[in-house]
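# Topology and contacts: notes
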Amino acid sequence: MDGSQPRTEAPMAPKRISLLSSPVRAVIRLRRKVQFLKKSRLHLNLPREQSPELVQTRFLQRQISLSRTNLCNPSMSLFNEATFANSQYFTFDTSVDQSMMNKYKRKKTRRKSRVVLYPESSKKYLPTEQKSKAKRCLLLLIGIICFQILNAIENLDDNLQKYDLDGLEKTLHREVFGQKVAVDRIMELLKDYLATHIHNKPLVISFNGPPGVGKSHVGWLLAKHFRSVMDNDFVLQYFVMHHCPNKEATPACQSDLSEKISEMVTRAEIEEKIPLFILDEVELMSPVLLDTLSKFFQPNQNNEFLNAIYILISNVGGSEITTFALQNVSSDLLHQQRKIEELLYIIQPILTHFHPLWKSADIIPFGLLEKSHVINCILEEMMREGLYPDQSHIENLASQLSYYTTGGREYAITGCKQVGAKVNLL
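Description of the structure in this document.

So, how was this worked out
- Residues numbered from 1 in each chain as written.
- Predicted model: local features only at pLDDT ≥ 70, side-chain atom pairs only at ≥ 80, totals over all residues.
- Heavy atoms only, no water.
- Helix = DSSP H or I, 4+ residues; strand = E, 2+ residues; numbered from the N terminus.
- Buried < 20%, exposed > 50% of the residue type's maximum accessible area, 1.4 Å probe, protein only.
- Contact = heavy atoms within 4.5 Å.
- Areas by Shrake-Rupley, 256 points an atom, 1.4 Å probe, with all protein chains shown as cover.
- Pairing = 2+ DSSP bridges.
- Disulfide = S-S within 2.5 Å.
- Arc of directions from axis to C-beta.
- Axes fitted to C-alpha atoms, helices over the stretch in contact; angles between N-to-C directions.

## Here we look at the overall build of the chain
When helices and strands are counted, the chain shows 19 helices and seven strands. The buried share among the 426 residues of the chain stands at 33%. In the chain, of all internal contacts separated by at least 6 residues, the share reaching a separation of at least 24 is 75%. With an accessible surface of roughly 27600 Å², the chain has 56% of that area assigned to carbon and sulfur atoms.

## Focus: the pairing of strand β7 (residues 409–412)
Direction of pairing for strand β6 (residues 403–406) relative to β7: antiparallel, over a ladder of four bridges. If you follow Tyr404 over to β7, its bridge partner there is Tyr411. Between the end of β6 and the start of β7, which pair antiparallel, lie two residues, with Gly407 showing a positive phi angle near 60°.

## Re the state of the cysteines
A covalent bond between the sulfur atoms of two cysteines is what we call a disulfide. Counted according to the given criterion, the structure contains two disulfides. What pairs with Cys244 in a disulfide is Cys253, and their sulfur atoms sit 2.2 Å apart. Given an S-S torsion of about 100°, the disulfide between Cys244 and Cys253 has right-handed geometry. Pair check on accessibility: Cys244 and Cys253 agree, each one buried.

## As for helix α15 (residues 318–327)
Taken residue by residue, α15 has Gly318, Ile321, Thr322, Phe324 and Ala325 as its buried positions. Looking straight down α15, one finds its buried side chains confined to an arc of 165°; they lie on one side. Summarising the contacts, the buried residues of α15 are in contact with β1 (203–208), α16 (337–354), β5 (362–365) and β6.

## Some remarks on the sheet that holds β5
Consider a sheet: its strands pair through backbone hydrogen bonds, and that pairing is either parallel or antiparallel. Read from one edge of the open sheet, five strands run β2-β3-β4-β1-β5, paired in parallel fashion. The two strands at the open ends of the sheet, each matched to only one other strand, are β2 (235–239) and β5. In this sheet, adjacent strand axes meet at a mean angle of 15° when their direction is disregarded. One ladder, built from four bridges, connects β1 with β5; its direction is parallel. If you follow Ser206 over to β5, its bridge partner there is Ile363.

Shown next as structure tokens:
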């Protein structure tokens, strides 16, 4: 009996294993797999940052240990070969682990690819900004302003060309002797005023100096020039001894002068022109006429009266100009800007005391003429009369005039006033 029992029990073990159903085997495999994964996780303790080569090495070590346990336990190896050969649910093939390693590599590669690096040779562009419509409006406004400025400059050039001030300046420098500073100042005032047709006050210029220095001659040249560029109706030459010789007729002269100025200014405003009034021998005017003129010089009046030029010619302050010139002969200070300001400081109170209308006038002093200037006047007069300009005759006529002698220079007392009479005697 004892010998028969082991014979009967030995063949029963493989039969029980083979009789296990496939679901049971699946559960067993699942349990073993879970335990294997837990043990491998705890044993290896691999963080995500470890390299795939280290993971592969530890995995192979684990496989070798498992194979050794199978060799020591033949029943388990038999069970594995019988039950896991035809597995339909799980497998322990290394290809599965290799696929996991590939996924790990791809994840790590993707993580690194998120960092964007710009090469040094590439161009970096800032994000585009939306353009504001206000900039377009600003550019349009700037364009309009620039156009208006250019148009104004063209209008200034047109006004200067209309009055031909360049030709006037050449004429004055050619035919007026010894008064370069005065001529330059006259042209400066005329260019500034005639550059536009809009003004806040009329232009009042006063020629002051001793007799015979060229004040009336400059007035005559101005009247001649403006008559040539405008109609005769817009130029008025008023001589006191001719238009109002008697003081008893002062009221009539007052109304006549006021009416002429008003009519001329009104017609000039219609045609957009600036009239010229040349008033000679102003020192002989009565106070009533001076008061009448002073009303036209004020800034608070109608627009047409603001666009006018008045030239006042007088000998008031002539003695002071002569004294100042003779005292500063050595250094010729009369032709310097600083000394001219000193001279104006001297004669301004004298003119204002004579009548307040000179407060609104630009005063231009005319200095004394030297003997060389008188000789030029004689030569010009002889050419005008058609006489041969003999040098001996010119010097003889110049010596017949009276002169101030100071500092080695000779200044004509009467200027060129007597030149015409002397030339007519030839």
